[in-house]
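As a plain string of letters, each chain reads:
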Amino acid sequence: MPHELPKAYDPTAIEDHWAEFWVRENLFAQPTPEPGRDAGQSFVILLPPPNVTGRLHMGHMLNQTEMDILTRWRRMCGDRALWVPGTDHAGIATQMMVERQVVSEGSSRQKLGREKFVERVWEWKRHYGGAILDQMKRLGASVDWSREYFTMDERLSVAVREAFVKLHEQGLIYRGAYIVNWCPRCQTAISDLEVVYDEHKGHLWEIRYPVIGEDGKDSGEFLTVATTRPETMLGDTAVAIHPEDERYTHLHGKKLRLPLVDREIPIILDEWVSREFGTGAVKVTPAHDPNDFALGERHHLPSINVMDDTGHVNENGGKYAGLDRYVARKEIVQSLEERQLLAGIKDHVHNVGHCDRCKTVVEPRLSTQWFVKIQPLADKAIEAVEKGHIKFTPEMYAKTYFEWMRNIHDWCISRQLWWGHRIPAWHCANCHKVTVAREDPAACAHCGSEKITQETDVLDTWFSSGLLPVSVFGWPKISQETRADFDAFYPTNLLVTGFDILFFWVARMIMLGCWFAGDVPMADGRPRELKDAVPFREVYIHALVRDANREKMSKTKGNVIDPIEIVKQYGTDAVRFTLASMASPGTDIAFNVARTEGYRAFANKIWNAARFIFMNVDKAAEAGISVDRSVLGAMPTVGEDAPLEARWIVAELHATAARVNESLANYRYDDAANAIYQFFWGSFCDWYLEIVKLRLNFEKQQVGESAGQLVSGNEAGEELRSPRSSNARDLRRPAEAALTTLVSVFEAALRLLSPFMPFLTEELWLAVYDGQPPAKSIALTRYPQADGAAKEQAPIEEMELLQNLIVEVRALRKEIGVEEKASTPIEVRTHATARRIFEANHDIVERLARVSEMRIAHEISAGLAKHHATAFDVAVVYERKVDAAAERERLTRDIAKYEKGLAAAERQLGNEGFLAKAPAPVVEGLKKQAGETRTLLEKARAALESLPKG
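Every value quoted in this text rests on a predicted model; they were computed, and no experiment measured them.

**A look at the pairing of strand β5 (residues 173-183)**
In step 1: With ten bridges joining them, β5 and strand β14 (residues 363-372) adopt antiparallel strand pairing. By the bridge assignment for β14, asparagine 181 is matched with proline 364.
In step 2: Bridge count for β5 against strand β6 (residues 188-190) is three bridges, and the pairing is antiparallel. What sits directly across from tryptophan 182, in β6, is alanine 189.
In step 3: Between the end of β5 and the start of β6, which pair antiparallel, lie four residues, with glutamine 187 showing a positive phi angle near 55°.

Encoded structure:
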């Protein structure tokens, strides 16, 4: 007896159980293969490590659903599937969170000191840092939890230090004073990618700089410059003009007096200056603008930093020292007005950079930082994609990648934080040189002095995560065990991620992976070529999850959907299926809870189908009939002599399996999900289960006792019995065959659905085997693969014809008001092929369309309401007379519809331009559609003509 299922499907009753089981049994662990042993094809995928501070949002849910579907699918296809999980230490985000906690306790980071603060962060990480992975476990992600990593684990920290030291030895890491994006709130430099620009309605202040005469005094002439940041004028060291600007040729070689500061600054000539923008004169502040810094370098100007780490004016700002930058701006503008040095204020719309993390306006600022000389790494990464070693899906992202990589700037990798990988560099107080080392040095490598102190900065978080997956599989310490891992699992096959970290993470992984993995020889000792040094073979960029109105989700709009809340309400499987059913390359998802509710109903329908099947298995067992379990676990097949519905459902299953496998191979999650949905809901539940009830007869019965009779007639009206034996026979064998087909198709369909709805299918699959399954989990069985011979079209076309007849009869019954439970005769006019199908399967029509008698006629009797299909005409024989006026109105509407459709088709088929460009299948389909419409039009016109006049 199969596992008894509760009457109602309740996802909460099964999901926690299976989630815990999968983790407890370490079900998805992928052990290190034995050296030299070919364990088959690998499918390796790396989880984009969520921040240790993170909580699951819809973007995570989509990303993880897509990865889990692919991993489960490839595992069931026989691949050695490995999905590696992990978390990122998230330097800025984590430090900010713990700092807020410390401040709430009346202390501060500075009061605790570096060592105790870092200990406090580790403590926080142990208590709260695994929340998002716990959520993943609850949602059933089929990752190998035994391989979980954290970017500050000792193993990964060794890789980070090795990468820094090696790049430094190669002359690709350097330290210097350059303009960086400085966040006054986070008090650290941030990369260009971490700056978000918003359009801002600001002002353009025009300031008059006095020209100094030959005598060293103000000449009475002024040079007016325009600026959006007047507070930075305190650090001006020149004003630049274009050498060919005729307005200012008389000022060549002159000097200006810097307003409010009274410092003399030169007028310099540079072709970079735009004569058309503003006044054509540009204030030069090398310490606070990247373009000005470049000007300063070219003209050997000093750089005067006038801002401190917190965005306040420093000691170089004179009387404005100590003021917040925006307070200083107001006072400076007021002082300029008082001295009549403010020529004007104009409204000005411009882009203002904000810190992506805390949204504070970024301050361009001269700062001594560590940088990666990135171009050599970028060149190798560009080559990897150009040569096809890495493929982007959708392809348009390859173009975006190239544009950024070919215009890349050196990467500022130092951050003024305490939480993170501390830069392995030591400053010598004696010779003032820097020692960079793999192990902590006791003395300066240059002079031997022991007066050395370690660099206080930490590395950009993306430096450590950029070393994935090289570091995950053992680099740089390749031992015997990690050697086998590296050989088996590197490069990974696929990276699934969002566009927002294409440059933050994806591009940097490609650069660092290609650079360092090339040092690891192949298993046979050959040097590793670029194609095998790439971190992954393919990058799939998924789209955004938007709200139901296609608006981007944001806390400000109040339209953020919490996936955990939706999961609690509808179940994980329904949410996964919703996302999958809308996910295709390059298309954003408009998440609608109504669809999730619909897929919750889909799960419920499958649950009820299982209960029906198990009930019949129990009834069969009482009659001594059992399912042939030897056929379970494979793709079902049936003989040519099997009933039409058996041959049809098996062919449909094979065709669906082919579509699903092809769709998943092309990341068309939507097509795959919809194919499974149509099979399960439409073909299996709505049609096959209803038909198979005819066969599930577990007692001896006379054939003649079956409901309804098939009657054929000629024009004279004589009745012909269909050629069926009236002898009694034992129906146990057909019933057993029908039951076996039913159960085997259901079991295979569960495996087909499993990657999309793992919880539901696990529960039902176990029940199919009555708690004694051939594997520990449905996830470890084989995924259905189509057999070319089994997915033949003939039974599908025959069943489609039968379904069309049933649908037309149902529609006719409704139109003429036949009581729902009443059975009525029907008349059918059709061709010989359809007649054969209808005669052979009249019992299906009788059951599903409530037909008491089917008459195959040369002509439909006059006065009957009838429907016209391409292959047949059908009428319901019912006592109530046809309303001629209503029938005339219906047929007139149909004729208008057919005429319009036929005209449109003929117009396209007569368009030579369309015929030249359209694919052949499209043209053939249009011709077929036009032919069918023409037939329906002719039939409708004939029916209208046959109606009584008046």
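**Structural notes on the pattern of salt bridges**
In step 1: Taken as a whole and assessed by the stated rule, the structure comprises 59 salt bridges.
In step 2: Linking aspartate 460 and arginine 415 is a salt bridge whose minimum nitrogen-to-oxygen distance equals 3.2 Å. Here the residue aspartate 460 occupies a position in the loop between β21 (458-459) and α12 (461-465), and arginine 415 occupies one in strand β17 (residues 414-415), the gap between them amounting to 45 residues.
In step 3: Given the relative accessible area of 2%, aspartate 460 is considered buried.

**As for the nonpolar core**
A general feature of soluble globular proteins is that nonpolar side chains tend to end up buried together.
In step 1: Counting 140 residues, the largest nonpolar core has Phe680, Phe684, Phe746 and Phe756 as its most contacted members.
In step 2: With 14 residues, helix α20 (residues 669-692) is the largest single contributor of residues to this core.
In step 3: Residues within four places of phenylalanine 684 in sequence aside, it is in contact with Ala609, Ile613, Ile649, Phe679, Leu689, Leu742, Val745 and Phe746.

**Brief notes about unusual backbone geometry**
In step 1: Cis rather than trans, the peptide bond between threonine 393 and proline 394 has omega equal to -5°.
In step 2: Residue placement: proline 394 occurs in the loop between β15 (391-393) and α11 (396-405).
In step 3: With an omega of 5°, the peptide bond running from tryptophan 475 to proline 476 counts as cis.
In step 4: Relative to the helices and strands, proline 476 resides in the loop between α12 and α13 (480-489).
In step 5: For aspartate 262, which is not glycine, the phi dihedral falls at a positive 65°.

**What to know about the side chain of glutamine 416**
In step 1: Mapped onto the elements of the fold, glutamine 416 is located in the loop between β17 and β18 (425-428).
In step 2: Within the structure, glutamine 416 has its side chain in polar contact with the side chain of aspartate 457 (distance 2.8 Å).
In step 3: Residues contacting glutamine 416, with those up to four places away along its chain left out, are Trp182, Gln187, Thr188, Ala189, Gln369 and Asp457.

Thresholds, definitions, all that
- Residues numbered from 1 in each chain as written.
- Predicted model: local features only at pLDDT ≥ 70, side-chain atom pairs only at ≥ 80, totals over all residues.
- Heavy atoms only, no water.
- Pairing = 2+ DSSP bridges.
- Helix = DSSP H or I, 4+ residues; strand = E, 2+ residues; numbered from the N terminus.
- Salt bridge = Lys/Arg side-chain N within 4 Å of Asp/Glu carboxyl O.
- Buried < 20%, exposed > 50% of the residue type's maximum accessible area, 1.4 Å probe, protein only.
- Core = buried A, V, L, I, M, F, W, Y, C linked by side-chain atoms within 4.5 Å.
- Contact = heavy atoms within 4.5 Å.
- Polar contact = N/O pair within 3.5 Å; in protein donor to acceptor, adjacent residues only side chain to side chain.

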